[in-house]
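# Coordinate inspection notes
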Amino acid sequence: MSPQPDPDFWSTRRVLVTGGRGFLGRAVLDRLSTREVGSVVAPTSADYDLRDRAAVAAMFADIEPDLVIHLAARVGGIGANMARPAELYLDNLLMGTYVLDEARLRETAKTVVIGTICSYPKYTPVPFSETSLWQGYPEETNAPYGIAKLAQLVQLQANRAQYGQSAIYLMPTNLYGPRDKFHPAVSHVIPALIKKAVDAKESGADHIDVWGTGSASREFLYVDDAAEGIVLAAERYDGGEPVNLGADRELPIRDLVEIIVKLVGFDGEVRWDTTKPDGQPRRAVDATRARERFGFVAGTPFDEGLRLTLDWYLANRAEAEARPF
Ligand SMILES: NC(=O)c1ccc[n+]([C@@H]2O[C@H](COP(=O)([O-])OP(=O)(O)OC[C@H]3O[C@@H](n4cnc5c(N)ncnc54)[C@H](OP(=O)(O)O)[C@@H]3O)[C@@H](O)[C@H]2O)c1
């Protein structure tokens, strides 16, 4: 069980959430609505394009936040990472760099930066400990994204050392849940598999094609749990060391596929397209630091989270498939 919120922390806060219209952003806004927050502002990319330094400065000048939760990013699954590595590198590097530096210049009381486990070395010992972050190069398909995000950890540690900036860095594992992106150009593995299985069942197809060999493993964190972890960390953690957010559960992709086709009710064949990459061979994080530093424990059982994800997708197909990037 995660600890109770601290009303004294939130009641006077003016919170800025970047990327608040995104998958994780909407879950974070929901979690903030359970606290008595002074005010919350969540501008869109149309309001302020965070790749533009002047727009970032204008956002801070207009909103005057004293807590920033920086979620805005260009994010996608293996397909998007392979198709747009340069955009994923530069856009994420620019957005993070400008937001952190503007927060420093304006002496914003606290900034929460969301990293990714795509920053870990390709062959990190499992479970991934935060101390392994610099022991090798990330898996090739997601390295531009992972390195751009990791640069923000270096920046906030340097700013903390030189200027005393209060900024923290959290690394969630693969997220899943309602309001995820189901468009094939950007979807991560769970929405991609759900859509394939649902489409195949509806069209009466006798098989689905699944990328890779099925031998890779992943750890999945329900999006509302991740949001609670972020809000708890904002409230209780103030250190320069990065912190994993995970669910203490490693799942082979082969088992995940079985679970999803059963849940959807697709009884055709699963064909593995081994010409496509598996991505990182194994992924599961050590969640000890998040538990010890701010009391975060993921609470949603995987089968329940998956059921909620499928139900949302079936009820919101157009919205779910609308966001190609
Ligand atoms: N999804 C995962 O499995 C996962 C796992 C670990 C970490 N993360 C991290 O969690 C954060 C949120 O990811 P997500 O899955 O919620 O992504 P998402 O649904 O794609 O949302 C990303 C948000 O970023 C905003 N954005 C993109 N480009 C922008 C720009 N140039 N200027 C301003 N805003 C911009 C978008 O705003 P508009 O909608 O207004 O255009 C969008 O709301 C990211 O930092 C990501 O790296 C995600």
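Data block above holds the structure.
Residues numbered from 1 in each chain as written. Predicted model: local features only at pLDDT ≥ 70, side-chain atom pairs only at ≥ 80, totals over all residues.

### Overview of the overall build of the chain
We apply this condition: Per the convention used, a helix needs a DSSP run of H or I reaching at least four residues, while a strand needs a run of E reaching at least two, with both numbered from the N terminus. Atoms counted for the radius of gyration: C-alpha only. Globule rule: 2.2 Å times the number of residues to the power 0.38. Here a residue counts as buried when 20 or more other C-beta atoms sit within 10 Å of its C-beta, as exposed when there are 12 or fewer, and as partly exposed otherwise, the C-beta atoms being derived from the backbone. Any residue pair is listed as a contact if its two C-beta atoms, each placed from the backbone, are within 7 Å.
A tally of regular secondary structure across the chain gives twelve helices and twelve strands. Here the C-alpha atoms of the chain give a radius of gyration of 19 Å, agreeing with the 20 Å that 2.2 N^0.38 yields for 325 residues. Taking the principal axes of its C-alpha atoms as reference, the chain extends roughly 60 × 40 × 40 Å. Buried residues in the chain amount to 49% of all 325 residues. Considering only contacts within the chain whose residues lie at least 6 apart along the sequence, 82% involve residues at least 24 apart.

### Considering the packing of helix α9 (residues 253–264) against helix α11 (residues 302–315)
This is how it is decided: Only the contacting stretch of a helix is used when fitting its axis, a line to C-alpha atoms as for every element, and angles between N-to-C directions run 0 to 180 degrees. Any angle between 65 and 115 degrees counts as roughly perpendicular, while under 35 counts as roughly parallel, over 145 as roughly antiparallel, and the rest as oblique. When the near helix sits turned anticlockwise from the far one by under a right angle, the crossing is termed left-handed; a clockwise turn instead gives a right-handed crossing. Under this grouping Gly is polar, as are all residues other than the nonpolar Ala, Val, Leu, Ile, Met, Phe, Trp, Tyr, Cys and Pro and the charged Asp, Glu, Lys and Arg.
Between α9 and α11, whose axes approach to 11 Å, the crossing angle comes to 50 degrees. With respect to their mutual orientation, α9 and α11 come out oblique. Between α9 and α11 the crossing geometry is right-handed. On the side of α9, the interface is formed by Ile259, Leu263 and Val264, while α11 contributes Leu306, Arg307 and Leu310. Tallied by class, residues from the contact of α9 with α11 come to five nonpolar, no polar and one charged.

### Overview of the site of the ligand
To keep things clear, this is the line we draw: In this analysis, residues qualify as near a molecule or strand once their C-beta atom, positioned from backbone atoms, comes within 6 Å of it.
Contacts to the ligand come from 25 residues, most closely from Gly19, Gly22, Thr44, Ser45 and Ala73. Residue assignment for the shell around the ligand shows that the elements contributing at least two residues are α2 (23–32) and β6 (174–176). For the shell around the ligand, the per-class residue count stands at eleven nonpolar, nine polar and five charged.

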